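Residue-level structural notes
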Amino acid sequence: MDRKLYGTAEERLDLGEGEDIEAERAGKTYSPEELYEHTLNRNRELALLNIERNKMLIEQRSARARRFPTVDTQIALTNIANPLEAINLTSGQLGVYTAGGEEMLIPPEDMTLYEGMENAQYDFKIIVDQPVFTWGKIKVAEEAAALGGEAGLLRIEGKRTELRSRIFAAIYALLYIRKLEEILVLQEEASRRLVQITEDSYANGFILYSEVLNARIKAKELDIARVRLGTEKNNLLIDIAY
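This section reports on the structure supplied with the text. It should be emphasised that the depicted structure is a prediction, and the values quoted were computed from it without experimental measurement.

This part covers the overall build of the chain. Helix and strand counts for the chain stand at five helices and six strands. Listing each helix as α and each strand as β along the chain from the N terminus yields α-α-α-β-β-β-β-β-β-α-α. Nonlocal contacts in the chain, meaning residues at least 24 apart in sequence, comprise 70% of its contacts between residues at least 6 apart. Surface accessibility of the chain: about 18,200 Å² in total, with carbon and sulfur atoms responsible for 55%.

What follows is the structure in structure tokens.
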């Protein structure tokens, strides 16, 4: 592309007289860079690639975290239907002994040997698991996750490059179509003059009627060319919108 054409492409372009890229932004003009930035924020394929990239980053952090110990807890609750009751001894329940003329109670006072059981029994555990030797599986998993993350980034960059190329290529093509439409207008004016001249020449007997028909056919070919240019222009606009 020569610099003149490139400079024209950088100007703000009206991408449709009645052909909107978005209904809510009808009539707004865009530069190629604005279209590209808009694409980065709205393209669904790129959004999916970003989601996949984020998943790979999470997997990479998870693989790296497997080097460190994990802490887990266990809580168990047991319901006992017939728990053991408390075991109590009253003063003198085991007998009375006389020593030196004095009585000694056994036990000397009330006491509790066993306080009994509750209906529920709780069991709490804290488990710490530290990998010591894993035959390199953790390292390999971490390296694989890192490679997956790099591959995801490359896919994102590749998609961005593809989108940018498609947008700029479509805009350059629109510029060429605009130039061709201007040339086509000049050709149509020349074709109408040529048809008029051949008809006058035939009326005066200077040429054959076949030459008149040939001039008319050439004029119709310009009409077909205009339709083709319009179709190509619409296709490019649709591709940009997509």
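Having seen the structure, we can now continue with the description.
To continue, consider the nonpolar core. Formed by 17 residues in total, the largest nonpolar core has its most connected members in Leu35, Ile167, Ile171, Leu174, Leu236 and Ile240. When residues of this core are traced back to their parent elements, those giving at least two are helix 2 (32–42), helix 4 (137–203) and helix 5 (209–241). Here the element with the most residues in this core is helix 4; it accounts for nine residues.

Our focus in this paragraph is the pattern of salt bridges. Tallying each qualifying case throughout the model produces nine salt bridges. For Arg160, the salt bridge is made with Glu157, and the minimal N-O distance between the two is 3.5 Å. Placement of the pair is Arg160 and Glu157 together in helix 4, with a separation of three residues, close to one helical turn. Residue classification places Arg160 among the partly exposed residues on the basis of a relative accessible area of 30%. Looking at Glu157, the relative accessible area reads 38%, which means it is partly exposed. With its nearest N and O atoms 3.9 Å apart, the salt bridge here joins Glu162 to Arg166.

According to the stated counting rule, one finds two aromatic pairs in the structure shown. Taking the centre distance of 5.2 Å and the plane angle of 55 degrees together, the rings of Tyr202 and Tyr209 count as tilted. Exposure remark for Tyr209: the relative accessible area of 38% places this residue in the partly exposed category. The ring of Tyr36 carries Arg164 above its face, with NZ or CZ at 5.2 Å from the centroid.

A separate point is the environment of Ile87. Here Ile87 lies in strand 2 (residues 87–89). Overall, Ile87 belongs to the partly exposed group, its relative accessible area being 43%. It is 5.4 Å that separates the C-alpha atoms of Ile87 and Leu113, two residues lying 26 residues apart in sequence. What Ile87 contacts, discounting residues up to four positions off in sequence, is Thr112, Leu113 and Tyr114.

Time to look at the side chain of Thr39. Of note, Thr39 is situated in helix 2. In terms of polar contacts, Thr39 uses its side chain to reach the backbone carbonyl oxygen of Leu35, at 2.8 Å. Ignoring any residue separated from it by four or fewer positions in sequence, one finds Thr39 in contact with Leu163 and Ile167.

This paragraph deals with helix 2. What helix 2 keeps buried is the set Pro32, Leu35, Tyr36, His38 and Thr39. Taken down its axis, helix 2 places every buried residue within 160 degrees of arc, on the same side.

Criteria and thresholds
- Residues numbered from 1 in each chain as written.
- Predicted model: local features only at pLDDT ≥ 70, side-chain atom pairs only at ≥ 80, totals over all residues.
- Heavy atoms only, no water.
- Helix = DSSP H or I, 4+ residues; strand = E, 2+ residues; numbered from the N terminus.
- Contact = heavy atoms within 4.5 Å.
- Areas by Shrake-Rupley, 256 points an atom, 1.4 Å probe, with all protein chains shown as cover.
- Core = buried A, V, L, I, M, F, W, Y, C linked by side-chain atoms within 4.5 Å.
- Buried < 20%, exposed > 50% of the residue type's maximum accessible area, 1.4 Å probe, protein only.
- Salt bridge = Lys/Arg side-chain N within 4 Å of Asp/Glu carboxyl O.
- Phe/Tyr/Trp six-rings, centres within 6.5 Å; stacked < 30°, edge-to-face > 60°.
- Lys NZ or Arg CZ within 6 Å of the ring centre and 35° of its normal.
- Polar contact = N/O pair within 3.5 Å; in protein donor to acceptor, adjacent residues only side chain to side chain.
- Arc of directions from axis to C-beta.

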